[in-house]
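Take a look at the letters that make up each chain.
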Amino acid sequence: MASAASAEHVGATPALRRLHVSRFLFAAAWAALLLVSGPDLTTGAKVLLFLYPAFDVVAAVVDFRSAGAAAPVKGLYANMAISALAAVGVAVASASGVADVLRVWGAWAVVSGLVQLLVGLARRPMGGQWAMIVSGGISVLAGASFIRNASQDDPSLTTLAGYATLGGIFFLASAFRLSRSTRKG
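Bear in mind the structure is a predicted one, so any value in this text is a computation, not a measurement.

Q: Could you clarify how one ought to interpret the nonpolar core in this entry?
A: Judged by nonpolar contacts, the single largest core of 29 residues is most densely connected at W30, L49, W105, L157 and L160. Broken down by element, this core gets its largest block of residues, eight residues, from helix α4 (residues 98–122). The next biggest cluster of nonpolar side chains, apart from the first, holds five residues, and it includes L16, L19, A59 and L178.

Q: For this particular structure, what's the right way to read a nonpolar patch on the surface?
A: Residues W130, V134, I138, L166 and I169 make up a contiguous nonpolar surface patch of roughly 410 Å² in combined accessible area. Taken together, the elements giving at least two residues each to the nonpolar patch come down to α5 (130–149) and α6 (158–184). The element best represented in the nonpolar patch is α5, accounting for three residues. Its place among the elements puts L166 in helix α6.

Q: I tried to follow the layout of surface pockets on my own but got confused; where do I start?
A: A probe as big as a water molecule, rolled over the atoms, marks out the empty space that is left. Empty space within the largest pocket amounts to approximately 510 Å³. What lines the largest pocket is a set of 31 residues, among which R23, D56, Q116, S135 and F171 lie closest to the centre. Those elements that place two or more of their residues in the lining of the largest pocket are α1 (2–37), α2 (43–67), α3 (73–93), α4, α5 and α6. Split into classes, the residues belonging to the lining of the largest pocket amount to 15 nonpolar, 12 polar and four charged.

Q: What is the right way to read the confidence of the model for the protein from this model?
A: Should pLDDT be low for a region, the predicted coordinates there are not to be read in detail. Residues of the protein with pLDDT of at least 70 account for 86%, and the chain-wide mean is 87. Per-residue pLDDT stays below 50 along residues 1–10; that stretch engages in five contacts with residues further than four places along the chain or on separate chains.

Q: Looking at this structure, I do not really get the environment of L19. What am I missing?
A: Mapped onto the elements, L19 comes out in helix α1. When the C-alpha positions of L19 and A175 are compared, they lie 8.3 Å apart, and in sequence the two are 156 residues distant.

Q: So what exactly am I meant to see when it comes to the packing of α2 against α4 here?
A: A pair of packed helices is captured by two measures, namely the crossing angle of their axes and the spacing between those axes. The contact between α2 and α4 brings their axes to 12 Å, and the two run at 15°. When the axes of α2 and α4 are compared, the pair comes out roughly parallel. Judged by the twist between their axes, the crossing of α2 over α4 is left-handed. The residues of α4 that touch α2, namely those facing L49, Y52, P53 and D56, are V101, W105 and W108. Here the residues of the contact of α2 with α4 sort into six nonpolar, no polar and one charged.

Q: I would appreciate a short explanation of the packing of α4 against α5 in the present structure.
A: Here α4 crosses α5 at 165°, and the two axes come no closer than 7 Å. Comparing the axis directions of α4 and α5 gives the class roughly antiparallel. When you trace α4 past α5, the crossing you get is left-handed. Considered class by class, the residues forming the contact of α4 with α5 number 14 nonpolar, 11 polar and one charged.

Q: How should I be thinking about the pattern of salt bridges in this particular structure?
A: Opposite charge on two side chains allows them to pair when their charged atoms are near. Within this structure, the stated rule accounts for three salt bridges. The residue R23 makes a salt bridge to D56 at a minimum N-O spacing of 2.1 Å. Within this pair, whereas R23 is found in helix α1, its partner D56 is found in helix α2, the two being separated by 33 residues in sequence. Accessibility expressed as a relative area gives 15% for R23, which makes it buried.

Q: Is there a simple way to think about α4 in this case?
A: For an α-helix the count is 3.6 residues per turn, leaving residues at separations of three or four pointing the same way. Helix length check: α4, at 25 residues, gives a terminal C-alpha distance of 35 Å against a target of 36 Å (1.5 Å per residue), a fit within 8%. Residues of α4 that are buried include every one of V98, V101, L102, W105, G106, W108, A109, S112, G113, V115, V119 and G120, and no others.

Reading the values: rules and limits
Residues numbered from 1 in each chain as written. Predicted model: local features only at pLDDT ≥ 70, side-chain atom pairs only at ≥ 80, totals over all residues. Heavy atoms only, no water. Core = buried A, V, L, I, M, F, W, Y, C linked by side-chain atoms within 4.5 Å. Buried < 20%, exposed > 50% of the residue type's maximum accessible area, 1.4 Å probe, protein only. Helix = DSSP H or I, 4+ residues; strand = E, 2+ residues; numbered from the N terminus. Patch = residues over 30% accessible without salt bridge, like charges linked within 9 Å, V, L, I, M, F, W, Y side chains within 5 Å. Areas by Shrake-Rupley, 256 points an atom, 1.4 Å probe, with all protein chains shown as cover. Salt bridge = Lys/Arg side-chain N within 4 Å of Asp/Glu carboxyl O. 1 Å grid on protein atoms, 1.4 Å probe; cavity = no way out; pocket = protein on both sides within 12 Å on 5 of 7 lines; lining within 4 Å. Points joined across faces, edges and corners; volume = space filled by probe spheres on them. Nonpolar A, V, L, I, M, F, W, Y, C, P; charged D, E, K, R; others polar. pLDDT = per-residue confidence, 0-100. Contact = heavy atoms within 4.5 Å. Axes fitted to C-alpha atoms, helices over the stretch in contact; angles between N-to-C directions. Parallel < 35°, antiparallel > 145°, perpendicular 65-115°, else oblique. Left-handed = near helix turned anticlockwise from the far one by under 90°. Expected span 1.5 Å × (residues − 1).

Structure representation (structure tokens):
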């Protein structure tokens with residue numbers, strides 16, 4: 001039984017590694033575009049704010065389909081639902097201003113961070129999951145910070161670029177670790 005589960009993880013590892021690299025590239029490009037869009041909630045910034053959680057939904061679907069039996073199904077379904085709600089929530093909140101966007105984004109970061117942490121724990125047998133576990137924990141803390149920062153006099157979206165960049169770096173670290181665990185196995 002353990003060798004069958006191990007074989008499922010090994011089969012899912014290359015797809016997960018590619019997905020993690022894609023998530024890093026998307027996060028880096030997204031963060032750069034958000035910074036270039038400036039501090040105001042322009043139409044471009046609103047589109048970017050919607051796209052980030054929407055991309056997370058797509059990534060969870062790809063993860064689910066490519067991982068097969070090795071997929072932590074409940075966690076990925078939860079991530080799809082939470083991120084879809086966040087995309088809609090951010091789109092609605094962007095009509096009200098930066099503070100409301102930060103509140104919605106913060107709530108999403110907290111809940112999705114918990115899910116990411118749990119999915120990483122479930123995937124520990126695959127190897128390369130420490131980055132996902134740490135990233136999930138940091139997301140929870142960052143989300144609480146976004147919610148707190150929303151009540152400041154002049155809240156800013158620039159912290160979201162840092163959040164995305166750091167998350168992308170953790171995905172890249174996980175991709176490298178998955179590469180190492182595949183070569184060992």
